[in-house]
Amino acid sequence: MPDINIGDVTAAYEGAVGVIWEMLMGEQIHVGGEEETDILARVAGVNAGTQVLDVLCGLGGAAHHLARTCGATVMGLDATGRMVDEAVLRTANVGLGDRVAFRLGNALDMPFKSGTFDVVWGQDSWCYVTDKDRLIRECRRVAVPGGTIAFTDWIQTGPMSDEELHGLNTFMLFPYMETLPGYENLLRRHGFAVRECEELSEDFASHMRRYRDSIAGDLKGRIVELFGTDAFRDMERGIGLWVEAADEGKVGRGRLVGRKQ
Ligand SMILES: C[S@@+](CC[C@H](N)C(=O)[O-])C[C@H]1O[C@@H](n2cnc3c(N)ncnc32)[C@H](O)[C@@H]1O
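Figured I'd write up the structure that's included with this text. (Residues numbered from 1 in each chain as written. Predicted model: local features only at pLDDT ≥ 70, side-chain atom pairs only at ≥ 80, totals over all residues.)

A word on the overall build of the protein chain. A tally of regular secondary structure across the protein chain gives 11 helices and 7 strands. C-alpha atoms of the protein chain, sized along the principal axes, occupy 50 × 45 × 30 Å. With 261 residues in all, the protein chain has 43% of them scored as buried. Excluding contacts between residues fewer than 6 apart, the proportion of contacts in the protein chain whose partners are at least 24 apart in sequence is 77%. (Helix = DSSP H or I, 4+ residues; strand = E, 2+ residues; numbered from the N terminus. Buried ≥ 20, exposed ≤ 12 C-beta atoms within 10 Å, placed from the backbone. Contact = placed C-beta atoms within 7 Å.)

See below:
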């Protein structure tokens, strides 16, 4: 496993990484944008008044969407100061301050009381967490009895050499990736009844190719201007590795939903 810790990830999100991923994916920094958020909201049962905790919320794009479209109340948790500051500013700008708030903190030691949230939520970001067992334990702790855990994440879907895996994880700053059965086991181990465990890898490679093409095409000038040629080359090379691995069925995404028992 690459030696990546929370300090490496937050340093990256303080700088170029957060900006470039927003350029590629939009304010909701996950594959599939608001469509994926709508699907997860439906399967998680997010409704008017649902108290949602978005764990590793990034810029708060999904939190805004859930508040606007479902009438949910959303707390976002993220460990990067720049991401939380942006999320707070953007929330005030769109007038959602009465239903959406953010806290700076580590998902492995959440600054919330036990039994607080109806839905504990995450999208394409738990791959950054160094200890997923402890993460799921924390999610269970802060969920109300009978509450829901609902998340998507980037996962390993096929065998890989250590070198290949190291290259993918180091570029993305993932300490390691889970597999879908690995996440399913973690949910069960921490007392969740698994309601959905679905692989979403079918279109993962096409999303990766689209990101690679944007980097090499319309975004190239801006990335070079803002962050320099070396950052651009690193990005191009790293996304290339992900396109290759996705094409070969070695990486993808999954969606899991469980109920706290
Ligand atoms: C891809 S972004 C999140 C995108 C967000 N889920 C969305 O859909 O818009 C990943 C975020 O994870 C945060 N992060 C990484 N490790 C963390 C941890 N242990 N605790 C809290 N936040 C963390 C980073 O600061 C970054 O903002």
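Buried residues dominate strand β1 (residues 51-55), accounting for 4 of its 5 residues. In terms of strand pairing, β1 meets strand β2 (residues 73-78) through 5 bridges, oriented parallel. Residue pairing across strands places Asp54 opposite Gly76, the latter belonging to β2. For the handedness criterion, the β-α-β arrangement of β1, helix α4 (residues 61-70) and β2 is classed as right-handed. (Pairing = 2+ DSSP bridges. Right-handed = clockwise from strand over helix to strand, strands pointing away.)

Now for helix α6 (residues 132-142). Along α6, the residues classified as buried are Lys132, Leu135, Ile136, Glu138, Cys139, Arg140 and Val142. Structurally, α6 contributes buried residues whose contacts are with β1, β4 (117-123), β5 (143-156), α8 (180-189), β6 (192-199) and β7 (251-260).

Moving on, we get to the sheet that holds β4. In any sheet, the strands associate via hydrogen bonds between backbone groups, in a parallel or an antiparallel arrangement. Read across the open sheet, the 7 strands follow the order β3-β2-β1-β4-β5-β7-β6; overall the sheet is mixed. Lying at the two open borders of the sheet, with one neighbouring strand each, are β3 (100-104) and β6. Recorded for the sheet is a direction-independent mean angle of 15° between the axes of neighbouring strands. The pairing of β5 with β7 spans 9 bridges and is antiparallel. Bridge pairing in β7 places Ala150 opposite Val257. Its contacts with the sheet put helix α3 (residues 33-44) on β4, β5, β6 and β7, and the angle it makes with β5 is roughly 145°. On the sheet, α8 packs against β5, β6 and β7 and is oriented at approximately 170° with respect to β6. (Axes fitted to C-alpha atoms, helices over the stretch in contact; angles between N-to-C directions.)

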